[in-house]
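# Coordinate inspection notes
Here are the chains, one letter per residue:
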Amino acid sequence: DVVMTQTPVSLSVSLGGQTSISCRSSQSLVHSDGNTYLYWYLQKPGQSPQLLIYKVSNRFSGVPDRFSGSGSGTDFTLKISRVEPEDLGVYYCYQGTHYPWTFGGGTKLELK
Amino acid sequence: QVKLQQSGAELVKPGASVKLSCKTSGYTFSTSYMSWFKQIPGQSIEWIGMIYAGDGGTGYNQKFKGKATLTVDTSSSTAYMDLSSLTTEDSAVYFCARGGRVSDYWGQGVMVTVSS
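Cut-offs used in this document
- Residues numbered from 1 in each chain as written.
- Chains lettered and ligands numbered in written order.
- Predicted model: local features only at pLDDT ≥ 70, side-chain atom pairs only at ≥ 80, totals over all residues.
- Heavy atoms only, no water.
- Helix = DSSP H or I, 4+ residues; strand = E, 2+ residues; numbered from the N terminus.
- Buried < 20%, exposed > 50% of the residue type's maximum accessible area, 1.4 Å probe, protein only.
- Polar contact = N/O pair within 3.5 Å; in protein donor to acceptor, adjacent residues only side chain to side chain.
- Pairing = 2+ DSSP bridges.
- Axes fitted to C-alpha atoms, helices over the stretch in contact; angles between N-to-C directions.
- Disulfide = S-S within 2.5 Å.
- Contact = heavy atoms within 4.5 Å.
- Salt bridge = Lys/Arg side-chain N within 4 Å of Asp/Glu carboxyl O.
- Nonpolar A, V, L, I, M, F, W, Y, C, P; charged D, E, K, R; others polar.

Turning next to the environment of K23 of chain B. Residue and element names in this part refer to chain B. Here K23 is to be found in strand 3 (residues 18-25). You can call K23 partly exposed: its relative accessible area is 47%. Within the structure, the side chain of K23 is placed 2.9 Å from the backbone oxygen of S76, a separation counted as a polar contact.

Here it is, written out as structure tokens:
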């Protein structure tokens, strides 16, 4: 199975600040069809995961432009700017390129 | 709007089985995939498998083959997951979510507790 390694495990950020989360996969996530099926989710406390970013850098419907994704191959980054209270929770990267689909271990974003 | 409503919390004995449901609305169920996920509280998420409602075709994470069985009822736009031979390691929150390769809308999750 593809191992997704996220760093850091936890982050402290000030409201209005900027931060980034790294995700590294144990294999390239470029599919034979040319797409890279790397996604980012946010799970707020007591809630279901919500999709933020699909295929590396595309924001899902309703996701503010404070969130941006980048990367290629095995290295990916989620950047969050102008952090708001509603951004707090656990962020997961997820790959849908290689069966079975797998998640990273999560990065907990907290207020400083 | 898209909604996925899961059944209530379950307390089951070791060795028993449980059937979880996920009733959907707001989209065309019969031409969509449904995935299921497992999350032990405080831990990351595992993908269990997916089912295409159009023909009932399934794909499973090898880890959950023999443990989980996915089915659908297109007449009620409901997806089901049977979990068999339950052990304490199956105690977790289980989510249904629309989609195969990626899931965009999720149910609220259901806690399954396996205890004697």
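Now for the sheet that holds strand 1 (residues 4-7) of chain A. All names here are of chain A. Taking strand neighbours across the sheet as the criterion, the four strands line up as 1-3-8-7 in an open arrangement whose pairing is antiparallel. At either end of the open sheet lies a strand with only one pairing partner, and these are strand 1 and strand 7 (67-72). Taken pair by pair, the neighbouring strands of this sheet meet at an average axis angle of 20°, ignoring direction. Here strand 7 pairs with strand 8 (residues 75-80) via six bridges, running antiparallel. Residue pairing in the sheet places S72 in a bridge with D75 of strand 8.

The subject of this paragraph is the state of the cysteines. Residues and elements named next belong to chain A. Within this structure, the stated rule accounts for two disulfides over all chains. Here C23 connects covalently by a disulfide to C93, the sulfurs 2.1 Å from one another. With the S-S bond torsion at 75°, the cross-link from C23 to C93 turns out right-handed. Residue C23 is found in strand 3 (residues 19-25), and its partner C93 is found in strand 9 (residues 89-95); the two are separated by 70 residues along the sequence. Residue classification places C93 among the buried positions, given a relative accessible area of 0%.

Take the interface of chain B and chain A next. The partner chain A presents 19 residues to the 22 residues of chain B that form the contact. Our count for the chain B to chain A interface comes out at zero salt bridges. Between chain B and chain A we count ten residue pairs in polar contact (both at pLDDT 80 or more) in total. If you list the elements that add at least two residues to the side of chain B that touches chain A, you get strand 4 (33-39), strand 5 (45-52) and strand 6 (58-60) of chain B. With four residues, the single largest contributor to the side of chain B that touches chain A is strand 5 of chain B. Classifying every residue of the side of chain B that touches chain A by side-chain character gives nine nonpolar, ten polar and three charged.

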